[in-house]
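# Working through the structure, step by step
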Amino acid sequence: ARTVTRDAEGVATVGGLDVRGLAEEFGTPAYILDEADFRARCRAWREAFGADADVFYAGKAFLSRAVVRWLHEEGLNLDVCSGGELAVALSAGMPADRIALHGNNKTTAEIRQAVEAGVGRIVVDSFQEIVRVADAAQKAGRRQRVQIRVTVGVEAHTHEFIATAHEDQKFGFSLGGGDAAEAVRRVLRLDSLELVGIHSHIGSQIFDTSGFEVAAHRVIGLLRQIRDEHGVELPEIDLGGGLGIAYTPDDDPREPQEIAKSLGEIVSRECRGAELAVPRLSVEPGRAIVGPTAFTLYEVGTIKPLEGLRTYVSVDGGMSDNIRTALYDAEYSVALVSRSSDAEPMLTRVVGKHCESGDIVVRDAFLPADLAPGDLLAVPATGAYCRSMASNYNHALRPPVVAVRDGEARVIVRRETEEDLLRLDVG
Ligand code: LLP
């Protein structure tokens with residue numbers, strides 16, 4: 001997080017608190033989240049997009065009730081993709097009309113829950129789902145606002161598993177193949193649905209804005225086709241999330257102002273060309289807001305030097321609190337934060353405590369050669385898709401999320417306990 005500094009002894013401090021004290025009070029591993037940084041990023045996105053656009057935070061990156069309250073206070077909307085996320089959002093007081101529901105296989109129960117709560121939009125993803133949402137809306141006696149998710153055929157330059165706009169995958173309606181136009185026809189025929197816009201999400205951890213520009217061009221092409229065929233101009237477009245963050249010093253992310261400016265320009269240019277009124281734009285950043293705001297604090301356990309290779313440094317967590325290295329070959333950095341050291345750097349691999357060799361937190365890292373059990377390590381930029389993708393593999397207890405602000409720390413998601421695990425085990 002931005003506010004991490006070092007004190008005179010080389011101990012890292014965040015939000016005015018020393019990491020040794022945090023480890024003592026809350027234990028390790030723990031996700032330490034800088035609330036001021038989170039709020040500042042929310043404001044940066046809101047200000048960059050201005051009053052004519054909406055920013056929907058993608059809850060899948062990390063969601064808790066405190067986060068929902070911060071979003072609400074900072075004027076952001078929320079994108080949820082399951083009944084569970086919706087329940088957290090509603091229970092923390094997010095107004096339903098500021099919530100959007102996503103997903104390629106929303107259950108009938110999730111659709112009903114969302115419709116009855118009065119969510120502001122449901123992003124429909126398949127022909128069958130159009131019927132399911134229409135039925136739920138009719139039963140609830142509501143007219144449900146929907147967007148249609150399309151795949152624009154952009155190859156986002158990111159890991160295959162997190163690219164979502166090419167043709168051969170499970171999300172959305174193909175623009176090129178004509179399914180998108182057919183989805184529009186079907187939605188427009190249903191009285192219980194109000195078609196408000198078109199949605200596109202091209203992928204995640206993207207650094208280059210050109211993919212968004214192509215997506216905007218194609219989505220506006222569809223709006224024009226809809227106007228020509230049906231005589232209606234849809235009032236909204238959503239260009240999804242996906243803006244990358246810096247995991248290592250080599251990454252060079254775009255700022256929200258840059259992306260807002262480039263999207264704003266392309267949308268107005270394309271609309272002018274198509275003689276369309278400029279629709280209300282929305283975006284759905286997850287990682288770019290929460291990712292940089294947290295780091296994971298680990299304690300070093302076993303250190304195993306392998307002659308001629310590298311030193312394996314084991315920490316007290318691993319793939320159960322950060323699956324991204326194993327799953328996507330994600331790169332992270334790591335630093336010794338509990339003291340300073342003048343020792344020579346040694347080549348290490350930081351690994352977890354799980355029963356497999358792929359349980360790697362940081363593949364290649366230089367750490368001081370005098371590293372010892374009990375030292376604290378911090379892995380930055382773990383705010384997104386780490387706690388939210390955490391598991392109980394090997395019956396690991398998922399770590400807490402500790403929010404720090406102005407010299408105070410408070411647990412916003414508590415550490416799991418063995419009782420939590422045993423409570424579910426009812427055999
Ligand atoms: N909107 C939609 C419809 C999405 O599917 C996603 C992410 C987002 C917004 C937010 O994307 P972001 O701005 O956070 O990149 N677990 C993976 C990423 C999968 C993202 C899935 N959808 C990871 O750890 O990198």
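What you are looking at is a predicted structure, and each value in this text was computed from that prediction instead of being measured.

Rules behind the numbers
- Per chain, the residues get numbers from 1 upward, laid out in the order the sequence is written.
- With pLDDT at 70 or above as the cut-off, local features in this predicted model cover only qualifying residues; side-chain atom pairs require 80 or more to be listed or tallied, and sums for whole chains, interfaces and linings still use all residues.
- An automatic or database domain assignment supplies the residue ranges for each domain.
- Residues are scored as being in contact if the C-beta atoms we place from backbone atoms lie within 7 Å.
- Here a helix means four or more residues in a row that DSSP labels H or I, a strand means two or more in a row labelled E, and each is numbered from the N terminus.
- The residue classification treats Ala, Val, Leu, Ile, Met, Phe, Trp, Tyr, Cys and Pro as nonpolar and Asp, Glu, Lys and Arg as charged. All others, Gly included, are polar.
- Between any two strands, at least two bridges found by DSSP are needed for them to pair.
- Angles here are taken between N-to-C directions and fall from 0 to 180 degrees, while the axes themselves are lines fitted to C-alpha atoms, restricted in helices to the stretch in contact.
- An angle counts as roughly parallel when it lies under 35 degrees, as roughly antiparallel when it exceeds 145, as roughly perpendicular when it falls between 65 and 115, and as oblique in every other case.
- Helix crossings are classified by the rotation of the near helix relative to the far one: an anticlockwise turn of less than a right angle makes the crossing left-handed, while a clockwise turn makes it right-handed.

Before going further, it helps to examine the domain arrangement of the chain. For the chain, the assigned domains are domain 1 (5-33 + 292-424) and domain 2 (35-290). Between the C-alpha centres of domain 1 and domain 2 there is a distance of 33 Å. At the interface, 21 residues of domain 1 touch 21 residues of domain 2. Listed by contribution, the elements that provide at least two residues to the side of domain 1 that touches domain 2 are strand 20 (401-405) and strand 21 (408-413). In the side of domain 1 that touches domain 2, the residues fall into 13 nonpolar, five polar and three charged.

In this section: the sheet that holds strand 3 (residues 17-18). Across the sheet, three strands lie side by side as 1-2-3; this open sheet has antiparallel pairing. Each end of this open sheet is capped by a strand with a single partner; those strands are strand 1 (5-6) and strand 3. In this structure, strand 2 (residues 12-14) lies alongside strand 3, joined through two bridges in antiparallel fashion. Each bridged residue has a counterpart across the sheet, and for V14 the counterpart in strand 3 is L17.

With respect to the helices, strands and loops of the structure, K353 is situated in the loop between strand 17 (345-351) and strand 18 (360-368). Between the C-alpha atom of K353 and that of G301, which follows or precedes it by 52 residues, the distance is 9.1 Å.

The next point concerns the packing of helix 2 (residues 35-49) against helix 9 (residues 256-274). Relative to each other, helix 2 and helix 9 sit at 25 degrees, their axes nearing to 9 Å. Here helix 2 lies roughly parallel to helix 9, going by the angle between them. Note on packing geometry: the crossing formed by helix 2 with helix 9 is right-handed. Counting all contacts with helix 2, which are made through A44, W45, A48 and F49, the residues of helix 9 involved are P256, Q257 and A260. Per-class residue counts for the contact of helix 2 with helix 9 are six nonpolar, one polar and no charged.

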